[in-house]
Amino acid sequence: MIVDHRVLHEDFVPSEIEHRNDELNHLSATLEPVLDDDRPETAFLLGPTGAGKTCTAKYVLDELTNQRPDVQTAYINCWQEFTRFRVHYRLLEEIDQAIDVHRSTPKDQLFKLLREADDEPIVAVLDEIDQHEESETLYDLHRLPHVHLVLIANREEEMFAGFDDRVRSRLRAGTRVYFDRYGTDELVEILSERARQGLEPQVIDDDQIQSIAHTASGDARVGIGILHTAARIAAREGEEQITDEIVETAEPETRNKLRQQIIDDLTEHQRILYDVIEERGEVEPGELYDAYEEIVDDPNTRRTLRNYLSKMTHYDLIESNGDRGGRTYSLVGED
DNA sequence: TATCCACGGGAAATACAGGGAG
DNA sequence: CTCCCTGTATTTCCCGTGGATA
């Protein structure tokens, strides 16, 4: 059934990027000065999830390395690396300078290493930059003349809101590359290509791909996820073909799997909060805190619970309805 | 209207755990 | 082994907001 799992993985970068030529050329052109040791403008890739921002960025990094192998490139996802230390560390790691760096190495030391790694230009992609918590990070990186930044975010205003005052004004001048959702037709082509490379021939037909593209509503990540799940269900059930029923089950199953992954990463206390919310459906803050304190024998402070709640909101597990006065918490996607 | 209260969230202090050095 | 350094998680302290109450 499945010939090549990698192709169906969300972070796979295909050898040809479809329907993103303008964006791709725009980004390449922006970074081109690096090839002549000039300083390029900071590039912003903006648009909704699953619109090809990450894919395009990684593709351009590869292209850059091919044209000039000594340019150092780094891809860092700020969703995972959300402190200054981690970004610096990952960056050093990506450019192979992390030798002799350990946990008790002070931040300043990491920064010093970065500053001194200026033999060749470094192009660093910071994905989901709006998820990063320390605004100092960008300030640090921005003042290194040999580090050139590509910043990826969903929305421009929110991204700028999180910036340090000192960088905000300067970065306003950067180049913006906007990404739109894929059209259904475009998504169909992308999915067909992945199916062609990743699956045995003729296991899925055009109508089914059409249907997946439709449910994914322009989000390539979701579409590819559903395709992958569908293929796995078919394999598991020993089917020769992906049936319409399988396509239908694949959608909710993909969604649940994503959610389950996040839930599995929660700490015990966070999990208890989540369970209380799930059990009661919609719950007021006071009631939620009380219930939690009832269950746990050594409860954390309410301030900590608020941190947990905002984290879980962030991860789209729960949502808070109404801001102040009469706020309630509930699970996302089941009202 | 004046006051109170519950809640959210910023900032700083503190506790904790991992790891190197001696 | 202990001591000491660190980053990170949690707590402490606090203030602003807005709805409810007197």
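Remember, it's a predicted structure, so these values are computed and weren't measured experimentally.

1. Quick look at the overall build of chain A
The helix and strand tally for chain A stands at 14 helices and 8 strands. In terms of overall size, chain A behaves like a compact globule, its C-alpha atoms giving a radius of gyration of 22 Å where 335 residues would be expected to give roughly 20 Å. The buried share of chain A, reckoned over its 335 residues, is 47%. Expressed as a percentage of contacts within chain A between residues at least 6 apart in sequence, the contacts between residues at least 24 apart total 69%.

2. A closer look at the domain arrangement of chain A
Domain annotation for chain A reports domain 1 (20–178), domain 2 (184–263) and domain 3 (266–331). For domain 1 versus domain 3, the distance between C-alpha centres works out to 35 Å.

3. Quick word on helix α13 (residues 285–295)
In an α-helix, one full turn covers 3.6 residues, which means residues spaced three or four apart are oriented alike. Along α13, the residues classified as buried are Leu 288, Tyr 289, Ala 291 and Tyr 292. The arc that holds every buried residue of α13, seen down its axis, measures 165°, which confines them to one face. The inward-facing, buried residues of α13 abut α12 (268–280), β6 (282–283), α14 (302–314) and β8 (328–331).

4. A few points about the state of the cysteines
Under the definition given, this model contains 0 disulfides. Cys 55 takes part in no disulfide bond, and the closest cysteine sulfur, belonging to Cys 78, lies 18 Å away. Among the residues examined, Cys 78 registers a relative accessible area of 1% and is labelled buried.

5. A word on the packing of α12 against α14
At a closest axis distance of 10 Å, the pairing of α12 and α14 adopts a crossing angle of 70°. Of the possible angle classes, the one that applies to α12 and α14 is roughly perpendicular. You can see that α12 and α14 cross each other, and the crossing is right-handed. Touching His 269, Gln 270, Leu 273, Tyr 274 and Ile 277 of α12 are Leu 305, Tyr 308, Leu 309, Lys 311 and Met 312, all from α14. When its residues are assigned to classes, the contact of α12 with α14 shows 7 nonpolar, 2 polar and 1 charged.

6. Here's the deal with the side chain of Glu 23
Mapped onto the fold, Glu 23 is located in helix α1 (residues 21–31). Take Glu 23: its relative accessible area is 14%, and that puts it in the buried class. For Glu 23, the residues in contact, after removing those within four places along its chain, are Val 177, Tyr 178 and Phe 179.

7. Focus on the sheet that holds strand β3 (residues 122–127)
Within a sheet, each strand pairs with its neighbour through backbone hydrogen bonds, oriented either parallel or antiparallel. What the 5 strands build is an open sheet, ordered β2-β3-β4-β1-β5; its pairing is parallel. Single-partner strands in this sheet number two, and they are β2 (72–77) and β5 (175–178). Recorded for the sheet is a direction-independent mean angle of 15° between the axes of neighbouring strands. Relative to the sheet, α1 contacts β1 (43–46), β3, β4 (147–153) and β5, its axis offset from that of β5 by approximately 165°. Where helix α3 (residues 84–94) meets the sheet, it contacts β2 and β3, and its direction lies at approximately 145° from that of β2.

8. A look at the protein's contact with DNA strand B
Taken together, 10 residues surround DNA strand B, and among them Gly 286, Tyr 289, Arg 303, Arg 306 and Tyr 329 come closest. Of all DNA strand B atoms lying within 4 Å of any protein atom, the proportion belonging to sugar or phosphate reaches 45%. The contact in question runs from a base nitrogen of DNA strand B to an N or O atom on the side chain of Arg 306, over 2.4 Å. With 3 residues, α13 is the single largest residue contributor to the surface near DNA strand B.

9. Focus: the packing of helix α10 (residues 220–236) against helix α11 (residues 244–264)
α11 packs onto α10 with a crossing angle of 115° between their chain directions and a minimal axis gap of 8 Å. Between α10 and α11, the angle falls in the class roughly perpendicular. Relative to α11, α10 is oriented so that their crossing is right-handed. Across from Gly 225, Ile 226, Thr 229, Ala 230, Arg 232, Ile 233, Ala 234 and Arg 236 in α10, the residues of α11 making contact are Ile 246, Thr 249, Ala 250, Glu 251, Glu 253, Thr 254 and Lys 257. Among the residues forming the contact of α10 with α11, the class breakdown is 6 nonpolar, 4 polar and 5 charged.

What counts and what doesn't
Residues numbered from 1 in each chain as written. Chains lettered and ligands numbered in written order. Predicted model: local features only at pLDDT ≥ 70, side-chain atom pairs only at ≥ 80, totals over all residues. Heavy atoms only, no water. Helix = DSSP H or I, 4+ residues; strand = E, 2+ residues; numbered from the N terminus. Rg over C-alpha atoms; globule rule 2.2 N^0.38 Å. Buried < 20%, exposed > 50% of the residue type's maximum accessible area, 1.4 Å probe, protein only. Contact = heavy atoms within 4.5 Å. Domains from an automatic or database assignment. Arc of directions from axis to C-beta. Disulfide = S-S within 2.5 Å. Axes fitted to C-alpha atoms, helices over the stretch in contact; angles between N-to-C directions. Parallel < 35°, antiparallel > 145°, perpendicular 65-115°, else oblique. Left-handed = near helix turned anticlockwise from the far one by under 90°. Nonpolar A, V, L, I, M, F, W, Y, C, P; charged D, E, K, R; others polar. Pairing = 2+ DSSP bridges. Near = heavy atom within 4 Å. Polar contact = N/O pair within 3.5 Å; in protein donor to acceptor, adjacent residues only side chain to side chain.

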